[in-house]
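Chain residues, written in single-letter form:
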Amino acid sequence: MLAIGIVAAVLHTAWAGWLHARASVVLQERLTTRTQVALMHRYLSAGFADLQSMDYGGNSVTFSAASNIVQTYVRSATDVVTQGASGLASIALLCPYDMGLAATVLVMTCFTALIATLLSFREMHFAARNMGAASEAQQLLYTLLQAVTTLRAFQATERLIKRWTERATAQARQTVAMESTRMARAALLLAAQQGVTFVATVWLVHQAVDGTISLGVMTTCTMLVGHVLHSGLGITQ
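What you are looking at is a predicted structure, and each value in this text was computed from that prediction instead of being measured. (Residues numbered from 1 in each chain as written. Predicted model: local features only at pLDDT ≥ 70, side-chain atom pairs only at ≥ 80, totals over all residues. Heavy atoms only, no water.)

1. Points about the overall build of the protein
And then number 1: The helix and strand inventory of the protein stands at 7 helices and 0 strands.
And then number 2: Ordered by position from N to C terminus, the α and β elements of the protein give α-α-α-α-α-α-α.
And then number 3: Its C-alpha radius of gyration of 26 Å places the protein more than 25% over the 18 Å reference for a compact globule of 237 residues.
And then number 4: Buried residues in the protein amount to 27% of all 237 residues.
And then number 5: Put simply, of all contacts in the protein between residues at least 6 apart along the chain, 80% involve residues at least 24 apart.
And then number 6: For the protein, the accessible area works out to roughly 15,400 Å², and carbon and sulfur atoms hold 68% of it.
And then number 7: Averaged over its 15 positive side-chain charges, the protein has a centre that lies 9 Å from the centre of its 11 negative ones. (Helix = DSSP H or I, 4+ residues; strand = E, 2+ residues; numbered from the N terminus. Rg over C-alpha atoms; globule rule 2.2 N^0.38 Å. Buried < 20%, exposed > 50% of the residue type's maximum accessible area, 1.4 Å probe, protein only. Contact = heavy atoms within 4.5 Å. Areas by Shrake-Rupley, 256 points an atom, 1.4 Å probe, with all protein chains shown as cover. Lys, Arg positive; Asp, Glu negative; His and termini not counted. Charge placed at Lys NZ, Arg CZ, Asp CG, Glu CD.)

Written as structure tokens, this is what we have:
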């Protein structure tokens, strides 16, 4: 019976993982196509003043960013549903064994998720500035390539190259700041995972040595703590 249960659990995990990945891919592709079509309709139906204010760099960044936004929203929504359900189920199963351990793990996980969320907002700030700099750099490069003969005739190539260099440098600075924030968040999640695991392990081993809980209960609680951590930190991604 134990072997059958293990096989069933493994098959269910594999099927659930495939279903999650399949649903994400299908939703991403459908919504990305609809978003691109809607953007094209909006551009074609825009007023004359709006059309004059548009440029190649902004349009290029908008179209590429729209796909990334759709994919991020779909992936986040599916992860929140699946990871959230898994985390709540693990907490519910852990409470009957040790209410204090469940509360401690939940508080530490939520605190880590809060800090990771604040770092995510900081990363979004740098990402927005990076997109603006990328839009300006692409527009200047497009202008330089399209009108290079005219610019050379008016000896304006050096000024335009200097401006493009400034925009490219600004984009590089924002990219470095964004990636630094992302690495700080990843380091925080790794440290939190190791810290919570260490606290839970010491907690359970101490009770097992004192004879308060059995070895089977200690193993089960360790597995449930791992599920809670995986779910909570997975949502923050």
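On we go.
2. Describing the packing of helix 4 (residues 99-146) against helix 6 (residues 157-210)
And then number 1: It is at 8 Å that the axes of helix 4 and helix 6 come closest, and there the two elements cross at 170°. The angle between the axes of helix 4 and helix 6 places the two elements in the roughly antiparallel class.
And then number 2: A breakdown of the residues in the contact of helix 4 with helix 6 according to their chemical character gives 30 nonpolar, 10 polar and 8 charged. (Axes fitted to C-alpha atoms, helices over the stretch in contact; angles between N-to-C directions. Parallel < 35°, antiparallel > 145°, perpendicular 65-115°, else oblique. Nonpolar A, V, L, I, M, F, W, Y, C, P; charged D, E, K, R; others polar.)

3. Some words on the pattern of salt bridges
Two side chains bearing opposite charge may form a pair once their charged atoms approach each other closely.
And then number 1: Applying the stated criterion across every chain, the model contains 3 salt bridges.
And then number 2: Here the salt bridges share partners, and the residues they tie into one network are Glu123, Glu179, Arg182 and Arg185. (Salt bridge = Lys/Arg side-chain N within 4 Å of Asp/Glu carboxyl O.)

4. What to know about the nonpolar core
And then number 1: With 18 residues, the main nonpolar core has Leu94, Leu101, Val105, Leu204, Cys221, Val225 and Leu229 as its most contacted residues.
And then number 2: The set of elements that each furnish at least two residues to this core consists of helix 3 (56-94), helix 4, helix 6 and helix 7 (215-236).
And then number 3: No other element matches the 7 residues that helix 7 contributes to this core.
And then number 4: Every residue in contact with Cys221, bar those within four places of it in the chain, is listed here: Leu94, Tyr97, Leu101 and Leu204. (Core = buried A, V, L, I, M, F, W, Y, C linked by side-chain atoms within 4.5 Å.)

5. Brief notes about the state of the cysteines
Between two cysteines, a covalent bond joining their sulfur atoms is known as a disulfide.
And then number 1: Applying the stated rule across the entire model yields 0 disulfides.
And then number 2: Here Cys110 is not disulfide-linked; the sulfur of Cys95 is the nearest cysteine sulfur, at 12 Å.
And then number 3: Cys221 carries a free sulfur, and the closest cysteine sulfur to it, the one in Cys95, is 10 Å from it.
And then number 4: Classification of Cys221 as buried rests on a relative accessible area of 1%. (Disulfide = S-S within 2.5 Å.)

6. Things to note about the side chain of Ser90
And then number 1: In this fold, Ser90 is placed in helix 3.
And then number 2: Owing to a relative accessible area of 4%, Ser90 belongs among the buried residues under this scheme.
And then number 3: Contact partners of Ser90, with chain neighbours within four places excluded, come to Leu224, His227 and Val228.

7. Details of the confidence of the model for the protein
And then number 1: In this model, the protein carries an average pLDDT of 80, and 91% of its residues clear a pLDDT of 70 or more.
And then number 2: The spread of mean pLDDT over the elements of the protein runs between helix 5 (residues 148-153), the lowest at 67, and helix 6, the highest at 84. (pLDDT = per-residue confidence, 0-100.)

8. Looking at helix 6
And then number 1: Between its terminal C-alpha atoms helix 6 stretches 79 Å, which fits the 80 Å expected from 54 residues at 1.5 Å a residue.
And then number 2: Among the residues of helix 6, those classed as buried are Thr157, Leu160, Gln174, Met178, Thr181, Arg185, Leu189, Ala192, Val196, Ala200, Leu204 and Gln207.
And then number 3: Once helix 6 ends, the next one or two residues include Gly211, with phi positive near 85°. (Expected span 1.5 Å × (residues − 1).)

9. Focus on the side chain of Gln174
And then number 1: Within the secondary structure layout, Gln174 lies in helix 6.
And then number 2: Apart from the residues within four sequence positions on either side, Gln174 is in contact with Phe126, Arg129 and Asn130.

10. Description of the environment of Met178
And then number 1: Its location among the elements puts Met178 in helix 6.
And then number 2: With 59 residues separating them in the primary sequence, Met178 and Leu119 have C-alpha atoms 9.9 Å apart.
And then number 3: Discounting chain neighbours no more than four positions away, the residues touching Met178 are Glu123, Phe126, Ala127 and Asn130.

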